[in-house]
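What follows is each chain in one-letter form.
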Amino acid sequence: MDKIRFATVWLAGCSGCHMSFLDLDEWLIVLAQQADVVYSPVGSDIKDYPENVDVCLVEGGVANEDNLELLLNVRKRTKTLISFGDCAVTANVPGMRNMLGGAEPVLKRGYLELAEHSPQLPHAPGIVPELLAQVLPVHQIVPVDIYMPGCPPPADRIRATLEPLLRGGNARHGRPRHD
Ligand code: SF4
């Protein structure tokens, strides 16, 4: 059987969902036998999200321009996109800043009002990504195929979600690409 092309992505989250993924322990060996990891912040240093990905776990909300650009690429190049954890599903913790009403008050609070030395707003185009006005869950930007709630989702839930995809469910024969 062909290996599936598998990816994980880290947007605005604490990486706790990825830590839970690592809690799969020895089942990670099974996963490695059935999937090629083509992009992930865990154990790989691939810079660009590749074409023709079968399954991708997306952790985190969409908080800045880099998150947005990456997510749009992920959707175009992925058959089965899994909204991975509460920050991806609801915006959860990063979404708490939405109560302040936009990016500007957040930056002012963090970099001016609370600064003890050299208060200044970060401005480094191309290096520091601009914050979006609101942190959004993944499905408000692109279509999502599978929702996996939890903060973080426990390892057995991750396994139960991935196992049918490894057997060839949606990942290879089901849903169309969202171009
Ligand atoms: S859902 Fe929870 S564990 Fe996952 S990135 Fe968000 S805060 Fe962290």
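Please read these numbers as outputs of a predicted model, since none were measured by experiment.

How should the packing of helix H2 (residues 27-34) against helix H6 (residues 155-166) be read in this particular structure?
Between two packed helices, what matters for the description is the angle formed by their axes and the separation of those axes. At a minimum axis separation of 11 Å, H2 and H6 run at an interaxial angle of 25°. Looking at the two axes, H2 sits roughly parallel to H6. The interaxial crossing formed by H2 with H6 has left-handed handedness. In contact with Trp27, Leu31 and Gln34 of H2, H6 contributes Arg159, Leu162, Glu163 and Leu166. For the contact of H2 with H6, the per-class residue count stands at four nonpolar, one polar and two charged.

Can you help me understand the site of the ligand in this one?
Contacts to the ligand come from Gly13, Cys14, Gly16, Cys17, Glu59, Asp86, Cys87, Asn92, Val93, Gly150, Cys151 and Pro152. Of all the secondary-structure elements, those providing two or more residues to the shell around the ligand are helix H1 (16-22) and helix H4 (86-90). Of the residues in the shell around the ligand, the class split is six nonpolar, four polar and two charged.

In this structure, what is going on with the nonpolar core? I would like to understand it.
In summary, soluble globular proteins display a tendency toward joint burial of nonpolar side chains. In terms of nonpolar packing, the biggest core is built from 19 residues, with Phe6, Phe21, Leu57, Ile82 and Leu162 touching the most fellow members. Looking at this core, the elements with two or more residues in it are strand S1 (4-10), H1, H2, strand S3 (53-59), strand S5 (78-84), strand S7 (146-148) and H6. The greatest single-element share of this core, amounting to five residues, is contributed by H6. Setting aside anything within four residues of it in sequence, one finds Phe21 in contact with Phe6, Leu28, Leu31, Leu57, Phe84, Ile158 and Leu162.

Explain the sheet that holds strand S2 (residues 35-39) here, please?
Within a sheet, each strand pairs with its neighbour through backbone hydrogen bonds, oriented either parallel or antiparallel. Taking strand neighbours across the sheet as the criterion, the five strands line up as S2-S1-S3-S5-S7 in an open arrangement whose pairing is parallel. In the strand order of this sheet, the two ends are held by S2 and S7, each with one partner. Taking the axes of each pair of neighbouring strands and ignoring which way they run, one obtains an average angle of 25° across the sheet. In the packing of H2 onto the sheet, the strands contacted are S1 and S2, and the crossing angle to S2 comes to about 85°.

Just to check I follow, could you spell out the confidence of the model for the chain for this structure?
Low pLDDT means the predicted atomic positions in that stretch should not be read closely. Averaged over every residue, the pLDDT of the chain is 92; residues scoring 70 or more account for 93%. Segment residues 171-179: pLDDT under 50, and 24 contacts once partners within four positions in sequence are set aside and those in other chains are kept.

Before we go on, may I ask you to explain the packing of aromatic side chains in this structure?
Here the distance between the centres and the angle between the planes together describe a pair of aromatic rings. Scanning the entire structure with this criterion turns up two aromatic pairs. An angle of 65° between the planes, with centres 5.1 Å apart, marks the rings of Tyr39 and Tyr49 as edge-to-face. Residue Tyr39 is located in strand S2, and its partner Tyr49 is located in the loop between S2 and S3; the two are separated by 10 residues in the primary sequence. Take Tyr39: its relative accessible area is 13%, and that puts it in the buried class.

Would you explain a negative patch on the surface in this entry?
On the surface, Glu65, Asp66, Glu69 and Glu130 cluster together into a patch of negative charge. You can see Glu130 is positioned in the loop between helix H5 (103-113) and strand S6 (131-136). The class of Glu130 is partly exposed, set by a relative accessible area of 40%.

Quick notes on the rules
- Residues numbered from 1 in each chain as written.
- Predicted model: local features only at pLDDT ≥ 70, side-chain atom pairs only at ≥ 80, totals over all residues.
- Heavy atoms only, no water.
- Axes fitted to C-alpha atoms, helices over the stretch in contact; angles between N-to-C directions.
- Helix = DSSP H or I, 4+ residues; strand = E, 2+ residues; numbered from the N terminus.
- Parallel < 35°, antiparallel > 145°, perpendicular 65-115°, else oblique.
- Left-handed = near helix turned anticlockwise from the far one by under 90°.
- Contact = heavy atoms within 4.5 Å.
- Nonpolar A, V, L, I, M, F, W, Y, C, P; charged D, E, K, R; others polar.
- Near = heavy atom within 4 Å.
- Core = buried A, V, L, I, M, F, W, Y, C linked by side-chain atoms within 4.5 Å.
- Buried < 20%, exposed > 50% of the residue type's maximum accessible area, 1.4 Å probe, protein only.
- Pairing = 2+ DSSP bridges.
- pLDDT = per-residue confidence, 0-100.
- Phe/Tyr/Trp six-rings, centres within 6.5 Å; stacked < 30°, edge-to-face > 60°.
- Patch = residues over 30% accessible without salt bridge, like charges linked within 9 Å, V, L, I, M, F, W, Y side chains within 5 Å.
- Areas by Shrake-Rupley, 256 points an atom, 1.4 Å probe, with all protein chains shown as cover.
- Salt bridge = Lys/Arg side-chain N within 4 Å of Asp/Glu carboxyl O.
- Lys, Arg positive; Asp, Glu negative; His and termini not counted.
- Charge placed at Lys NZ, Arg CZ, Asp CG, Glu CD.

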